[in-house]
Amino acid sequence: MIFYNIQMSFDPFQIDLPITEVIQDVRAHLEKQNTLIVNAPPGAGKSTLLPLALLDEPWLDGKKIIMLEPRRLAARTIAMRMSSLLNEQVGTRVGYRIRFENKVGKDTRIEVVTEGILTRMLHTDNSLEDVAMVIFDEFHERSIYADVALALCREAQQVLRPDLRIMIMSATLDMPQLTELLKAPAVVSKGKQFPVDIRYGTGVDMFMLPELTARTILKAAKENEGDILAFLPGEGEIRKCEELLKKELRGVSIHPLYGQLPPNRQYAAITPDKNGKRKVVLATSIAETSLTIEGIKVVVDCGYGRTSKFDPNSGLSRLETVMISKDSADQRAGRAGRLSAGVCYRLWTKATQSQLAEHRVPEILETDLASLVLDMAKWGIVDANQLTWLT
């Protein structure tokens, strides 16, 4: 691909994605108000098209847009996708900053950053003088970093920068609670989700997840066409499942996908196979949102994820394997219906599905709050209750 470093105006309406239907509403709200909530399903284009659609808004006044992503892979790939839409290299008008990696140049107008980076930016400059807008993408994941960053941005907005725009984007949010707390309007995009056939299993044993998932993948591969995305709690289960599949599947490319994987192997997992082989991607919850993995028509969901919980007895946080919530299950199933009609195999029963929690538990309720207290102290805030907290 040839890139031209020409600063041209971008027309989002040339891209056929569902989010284009609400771009004018988003622009109109942000012209008059400083806070907006956008609800759009996976694949609608909110993470890539909306920031680009706002690049020429007069209220930017030459300042930057910062977009917060919960994961490094998402930050990197979203910045690459936006840059390709502008026909530019990453680091021109769109760049990203993640831990140990910086692709930002002097002409960068949109910075896609991970959560810890934004918190450090707020500590360096309380008022974010060079920033016109902060976008919180995939806010439903409710990490403690996102909650702290939102609280600090709201404080800056209310005390120092009433012109600072804040936009919160998600596919699954408790919308009434959020709109009431922030006193902000919500724009809803219906999206374009293809139908997904949900097939329930007979039950799941947490200690047999790799074996049960591998067995279901083999069944799904025989019954359906297209690439397969399987969800497992962590790297250990993924490696075990991969070993089992390599013994049984022939002519299929198997790719792991988790946070600690090198970037080149992550990229190989989310792009079509170079040799045109059918692909099986074994992923953690990293693949739930933001990323479009091309060719996926089948999802296999073990129903478990890994979360950090604080143990008051030891004074330490530890990772625990827990059953996912309904909104997570819906997000995972939706990956099969992004590009065409698909199928989702859930290892648990339909009766278990009705007992799942509606939404995932916010991290701020379960993790060690020492870092939050230190962030507040660094900002000069003694009483954390004076800030705006969703939880």
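As a reminder, the structure under discussion sits directly above these lines.
Please read these numbers as outputs of a predicted model, since none were measured by experiment. (Residues numbered from 1 in each chain as written. Predicted model: local features only at pLDDT ≥ 70, side-chain atom pairs only at ≥ 80, totals over all residues. Heavy atoms only, no water.)

A. Highlighting the overall build of the chain. Scanning the chain for helices and strands turns up 12 helices and 16 strands. When its C-alpha atoms are laid out on the principal axes, the chain stretches across 60 × 55 × 35 Å. Taken over 391 residues, the chain has a buried fraction of 54%. If you take every contact in the chain between residues at least 6 apart in sequence, the share linking residues at least 24 apart comes to 76%. For the chain, the exposed area adds up to about 17900 Å²; of that, 50% sits on carbon and sulfur atoms. (Helix = DSSP H or I, 4+ residues; strand = E, 2+ residues; numbered from the N terminus. Buried < 20%, exposed > 50% of the residue type's maximum accessible area, 1.4 Å probe, protein only. Contact = heavy atoms within 4.5 Å. Areas by Shrake-Rupley, 256 points an atom, 1.4 Å probe, with all protein chains shown as cover.)

B. Summary view of the side chain of Ser170. Relative to the helices and strands, Ser170 resides in strand S7 (residues 165-170). Not counting residues up to four positions away in its chain, the partners in contact with Ser170 are Val38, Asn39, Ala40, Lys46, Phe139 and His140.

C. Here's a closer look at the environment of Pro41. With respect to the helices and strands, the residue Pro41 is situated in the loop between strand S1 (35-39) and helix H2 (49-53). Spatially, the C-alpha atom of Pro41 lies 22 Å from that of Ser83, the residues being 42 residues apart in sequence.

D. Just the sheet that holds strand S11 (residues 252-257), in detail. Strand order in the open sheet made by the six strands is S9-S16-S13-S10-S12-S11, with parallel pairing throughout. Since the sheet does not close on itself, it has two edges, and those belong to strand S9 (196-200) and S11, each with one partner. Pairwise comparison of adjacent strand axes, ignoring direction, gives a mean angle of 15° for this sheet. The sheet contact formed by S9 and strand S16 (residues 342-346) spans five bridges and is parallel. By the bridge assignment for S16, Ile198 is matched with Cys344. Running over the sheet, helix H9 (residues 263-270) touches S11 and strand S12 (278-283) and is turned about 130° from S11. (Pairing = 2+ DSSP bridges. Axes fitted to C-alpha atoms, helices over the stretch in contact; angles between N-to-C directions.)

E. Region of interest: the nonpolar core. Grouped together as the largest cluster of nonpolar side chains are 55 residues, with contacts concentrated most on Val26, Leu52, Met167, Leu229 and Leu257. No other element matches helix H3 (residues 72-85), which puts seven residues into this core. For Leu229, the residues in contact, after removing those within four places along its chain, are Val281, Ala283, Ala287, Ile293, Ile296, Val298, Val299, Val300 and Arg335. The next biggest cluster of nonpolar side chains, apart from the first, holds 36 residues, and it includes Val148, Leu164, Leu182 and Leu372. (Core = buried A, V, L, I, M, F, W, Y, C linked by side-chain atoms within 4.5 Å.)

F. Main features of unusual backbone geometry. Positive phi values are uncommon outside glycine, yet Asp61 reaches one of about 50°. Here Asp61 shows up in the loop between H2 and strand S2 (64-69). With phi around 50°, Glu138 is a residue other than glycine that occupies positive phi space. Looking at the secondary structure, you find Glu138 in the loop between strand S6 (131-136) and helix H5 (144-159).

G. Broad picture of the packing of aromatic side chains. Under the defined criterion, the tally for this structure stands at one aromatic pair. Look at Phe136 and Phe139: their rings are 6.1 Å apart centre to centre, the planes differ by 85°, and that puts the pair in the edge-to-face class. With respect to class, Phe136 is no different from Phe139; both count as buried. (Phe/Tyr/Trp six-rings, centres within 6.5 Å; stacked < 30°, edge-to-face > 60°.)

H. Fine view of the state of the cysteines. A complete count under the given rule lists zero disulfides for this structure. Note on Cys241: no disulfide assigned, nearest cysteine sulfur contributed by Cys302 at a separation of 9.3 Å. (Disulfide = S-S within 2.5 Å.)

I. View of the packing of helix H7 (residues 209-223) against helix H8 (residues 235-248). Where H7 meets H8, the closest approach of the two axes is 9 Å, and the angle between their N-to-C directions is 40°. In this view, H7 runs oblique relative to H8, as classed from their interaxial angle. The crossing of H7 and H8 is right-handed. For the pair H7 and H8, contact is made by Pro210, Glu211, Thr213, Ala214, Ile217 and Leu218 and by Glu237, Lys240, Cys241, Leu244, Leu245 and Glu248, respectively. Its residues assigned to classes, the contact of H7 with H8 shows seven nonpolar, one polar and four charged. (Parallel < 35°, antiparallel > 145°, perpendicular 65-115°, else oblique. Left-handed = near helix turned anticlockwise from the far one by under 90°. Nonpolar A, V, L, I, M, F, W, Y, C, P; charged D, E, K, R; others polar.)

J. Spatial organisation of the pairing of strand S13 (residues 296-301). Among the six residues in S13, five count as buried, and that is most of the element. The pairing of strand S10 (residues 227-231) with S13 spans five bridges and is parallel. Bridging across to S13, Ile228 finds its partner in Val298.

K. Just H7, in detail. With 15 residues, H7 should cover 21 Å at 1.5 Å per step; its first-to-last C-alpha distance of 21 Å lies within 8% of that length. Residues Leu209, Pro210, Leu212, Thr213, Ala214, Thr216, Ile217, Ala220 and Ala221 constitute the buried set of H7. In this structure, the buried side of H7 is in contact with S10, H8, S12, S13, strand S14 (304-311) and S16. (Expected span 1.5 Å × (residues − 1).)

L. Looking closely at the pattern of salt bridges. According to the stated counting rule, one finds 20 salt bridges in the structure shown. Here Glu88 makes a salt bridge to Arg93, at a shortest N to O gap of 2.8 Å. As far as the burial class goes, Glu88 and Arg93 line up, both buried. Salt-bridge contacts for Glu358 lead to Lys326; the nearest nitrogen and oxygen are separated by 3.1 Å. Taken together, the residues Glu358 in the loop between helix H11 (350-355) and helix H12 (370-379) and Lys326 in helix H10 (residues 326-334) connect sequence positions 32 residues apart. Through salt bridges with shared partners, one network takes in Asp197, Arg199, Lys219 and Glu223. (Salt bridge = Lys/Arg side-chain N within 4 Å of Asp/Glu carboxyl O.)

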